[in-house]
Amino acid sequence: MDAIHIRGGKALFGETRIQGSKNAVLPLMAAALLIEDVCMIENCPCISDVYHMQQLLNGIGCKVKCTGHVMTIDARNIEEDIMAGENVTGMRSSIMLLGAMLGRVGTITMDYPGGCVIGERPIDLHLNALRKMGVSILEKESCFTAKVRTLEGTVIRLPISSVGATENIVLAAVMAKGVTVLQNAAKEPEIVTLCEFLREAGAVIEGIGGSSLIIQGGHALHGIRFRVPSDRIVAGTYLMSVMGTGGHIFLEDAPIAQMRSMLKVAEEMGAEIDISREGISVIADADKRALSYLKTEVYPGFPTDMQSPLMAALSTARGVSVIEETIFENRFRIVDQLKKMGACIELQGNRQAVIVGVDSLLGCEVAAEELRGGAALVIAGCMALGETVVTNRHFIERGYEDICRDYQNLGADIYIG
Ligand code: EPZ
């Protein structure tokens, strides 16, 4: 029962509502830890990464409850400062609890958070920035202890605009003494959402949405009710699905303003995009154009999380496409699986892929190895003639609430088996 079966080779027609954002809600759960009060988070996606973060928060004394898509987090009593085990080592996002715990209790011992197949995913930028704020960090073989009496506001310039490091620094800085200026901050929408959440709770943050954030620490925070925006990568996944199969779909509640780069790419491939307040209508022909060159970039460039879904769609485009992956060192994992389905893709080192469009993909058994690559294999299954079986469904469930339900809404012949 850990596989997804798809009988593909037909256009997609239908509409589906886009779930709340995984990469937005996880930092908000960490931010709630800073608040000695109760927070309510609405439009929370029911995905396994949220469940694992909930377990981590409950393990240190929070009371986190989910009723449908509404989560309440009571962080009035923190009883533990140790975080270990699969929920930490298996989920990269656990690293966001570092900044929050230092801001709240001043100490944390935690296992090193998981890397994954897309890259080694170090945390040096996180640790170096926190050291500049006065944190002492003792690194051991498989875990580390971070301690600070009083976090000190300071000027921090990130060498690369890391999303997670930006989030950790913001979480620590709102509790620090004095002002923190963060330069070369990541500008992803998830950072904006985190800053808006904290500002509504009483924090003072300027420059939200830009690459230079000014955080005035020490303001008391209070519980709030907050709605998570829709997931731009889930919406982008379904966008690339119809680019692959052709058809006409409507993505209700899609976060349009956050999707400009991917909508532009879809139009370059030949899509007809109509935007309304309710969402995005996409009409596409299976006979789409190739992309002579596209590279993944930090926001507002084309997102690295969309690279595998795009590659799947381009595998039957008319012509030769080139994709350059500039963010992660090992994010072409699905190439071998797509080639099993008949795709013609050649890697040039670990940063560039050349995709020669073929007439069609052929269904077969393929294995998901990580979240977005797994979703891209489902796209390929919708495109392929015959039946495709995508195994290791659990990778996909980390970020997609119910990918079969969504694809069934879009007219795909798909089920869990
Ligand atoms: C976030 O990961 C997202 N995860 C990723 O989404 C996304 O791909 C990534 O940002 C880039 O947009 C969440 O938000 C939970 P980074 P994060 O720090 O914060 C290097 C998905 O599919 N780096 O911006 O880990 C790092 O190795 C996931 O939802 C260091 O060298 O990404 C990478 O090459 C996958 N040292 C680059 O920076 C550090 O201390 C960007 O990583 C930190 C990062």
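1. Some words on helix 4 (residues 96–104)
Part 1 of the reasoning: Of all nine residues in helix 4, nine are buried, a share of seventy percent or more.
Part 2 of the reasoning: Inspection of helix 4 places Met 96, Leu 97, Leu 98, Gly 99, Ala 100, Met 101, Leu 102, Gly 103 and Arg 104 among the buried residues, and these make up the whole buried set.
Part 3 of the reasoning: Gly 106 sits one or two positions beyond helix 4 and adopts a positive phi of about 85 degrees.

2. Focus: the packing of helix 6 (residues 163–173) against helix 7 (residues 189–200)
Part 1 of the reasoning: Between helix 6 and helix 7, the shortest axis-to-axis distance is 10 Å and the interhelical angle comes to 10 degrees. Looking at the two axes, helix 6 sits roughly parallel to helix 7. Mapping the contact onto sequence places Val 163, Thr 166, Glu 167, Val 170 and Leu 171 in helix 6 and Glu 190, Ile 191, Leu 194, Cys 195 and Leu 198 in helix 7.
Part 2 of the reasoning: Along the lines of polarity and charge, the residues of the contact of helix 6 with helix 7 split into seven nonpolar, one polar and two charged.

3. Regarding the site of the ligand
Part 1 of the reasoning: Taken together, 22 residues sit near the ligand, with Asp 124, Ser 162, Gly 164, Asp 305 and Ile 327 positioned nearest.
Part 2 of the reasoning: The backbone of Leu 125 places a nitrogen or oxygen atom 2.8 Å from an oxygen atom of the ligand.
Part 3 of the reasoning: Within the side chain of Ser 162, one N or O atom sits 2.7 Å away from an oxygen atom of the ligand.
Part 4 of the reasoning: Burial of the ligand by the protein chains amounts to 88% of its free accessible area of 820 Å².
Part 5 of the reasoning: Secondary structure elements with two or more residues in the shell around the ligand: helix 1 (22–32), helix 5 (124–132), helix 6 and helix 12 (371–383).

4. Here's the deal with the pairing of strand 3 (residues 38–42)
Part 1 of the reasoning: Sheet topology note: the strand 3/strand 5 (residues 70–74) ladder contains four bridges and is antiparallel. Residue pairing in the sheet places Ile 41 in a bridge with Met 71 of strand 5.
Part 2 of the reasoning: Sheet analysis places strand 3 next to strand 14 (residues 225–227), joined by three bridges and oriented parallel. Each bridged residue has a counterpart across the sheet, and for Met 40 the counterpart in strand 14 is Arg 225.

5. Side note on the sheet that holds strand 14
Part 1 of the reasoning: The mixed open sheet is built from four strands, whose spatial order is 4-5-3-14. Two strands close off the open sheet at either side, each with one partner strand: strand 4 (63–67) and strand 14. In this sheet, adjacent strand axes meet at a mean angle of 15 degrees when their direction is disregarded.
Part 2 of the reasoning: Lying over the sheet, helix 1 contacts strand 3, strand 5 and strand 14, oriented at roughly 170 degrees with respect to strand 3.
Part 3 of the reasoning: Against the sheet, helix 7 makes contact with strand 3 and strand 14, and its axis sits at roughly 160 degrees relative to strand 14, the strand it touches most.

6. Topic: the side chain of Lys 288
Part 1 of the reasoning: Assignment of secondary structure puts Lys 288 in the loop between strand 17 (279–284) and strand 18 (294–295).
Part 2 of the reasoning: Although Lys 288 is buried, it makes no salt bridge; Asp 287 carries the closest opposite charge, 7.2 Å away.
Part 3 of the reasoning: A polar atom in the side chain of Lys 288 sits 2.9 Å from the backbone oxygen of Gly 244.
Part 4 of the reasoning: In contact with Lys 288, other than residues within four places in its own chain, are Met 243, Gly 244, Met 269, Ala 313, Thr 316, Ala 317, Arg 318 and Met 383.

7. Observations concerning unusual backbone geometry
Part 1 of the reasoning: The step from Tyr 299 to Pro 300 runs through a cis peptide bond, and the omega angle for that step is 10 degrees.
Part 2 of the reasoning: Its location among the elements puts Pro 300 in the loop between strand 18 and helix 10 (307–314).
Part 3 of the reasoning: A positive phi is found at Arg 121, a non-glycine position, where the angle reads about 55 degrees.
Part 4 of the reasoning: Examined against the element boundaries, Arg 121 turns out to sit in the loop between strand 7 (107–111) and helix 5.
Part 5 of the reasoning: Even without glycine at this site, Asn 184 takes up a positive phi of about 60 degrees.
Part 6 of the reasoning: Secondary-structure assignment places Asn 184 in the loop between strand 11 (179–183) and helix 7.
Part 7 of the reasoning: You can call Asn 184 partly exposed: its relative accessible area is 23%.

8. Comments concerning the pairing of strand 5
Consecutive side chains of a regular strand alternate in pointing toward one face of the sheet and then the other.
Part 1 of the reasoning: As paired strands, strand 4 and strand 5 are joined by five bridges and run antiparallel to one another. Its bridge partner lying in strand 5, Cys 66 is registered against Met 71.
Part 2 of the reasoning: Counted between consecutive antiparallel strands, the loop separating strand 4 from strand 5 contains two residues, among which Gly 68 sits at a positive phi close to 65 degrees.

9. Considerations on the side chain of Thr 237
Part 1 of the reasoning: Tracing the sequence through the fold places Thr 237 in helix 8 (residues 232–245).
Part 2 of the reasoning: For Thr 237, a relative accessible area of 0% gives the class buried.
Part 3 of the reasoning: Sequence-distant contacts of Thr 237, defined by excluding residues within four places in its chain, comprise Met 306, Pro 309, Ala 375, Ile 379, Tyr 400 and Tyr 407.

The rules we used
- Residues numbered from 1 in each chain as written.
- Predicted model: local features only at pLDDT ≥ 70, side-chain atom pairs only at ≥ 80, totals over all residues.
- Heavy atoms only, no water.
- Buried < 20%, exposed > 50% of the residue type's maximum accessible area, 1.4 Å probe, protein only.
- Helix = DSSP H or I, 4+ residues; strand = E, 2+ residues; numbered from the N terminus.
- Axes fitted to C-alpha atoms, helices over the stretch in contact; angles between N-to-C directions.
- Parallel < 35°, antiparallel > 145°, perpendicular 65-115°, else oblique.
- Contact = heavy atoms within 4.5 Å.
- Nonpolar A, V, L, I, M, F, W, Y, C, P; charged D, E, K, R; others polar.
- Near = heavy atom within 4 Å.
- Polar contact = N/O pair within 3.5 Å; in protein donor to acceptor, adjacent residues only side chain to side chain.
- Areas by Shrake-Rupley, 256 points an atom, 1.4 Å probe, with all protein chains shown as cover.
- Pairing = 2+ DSSP bridges.
- Lys, Arg positive; Asp, Glu negative; His and termini not counted.
- Salt bridge = Lys/Arg side-chain N within 4 Å of Asp/Glu carboxyl O.

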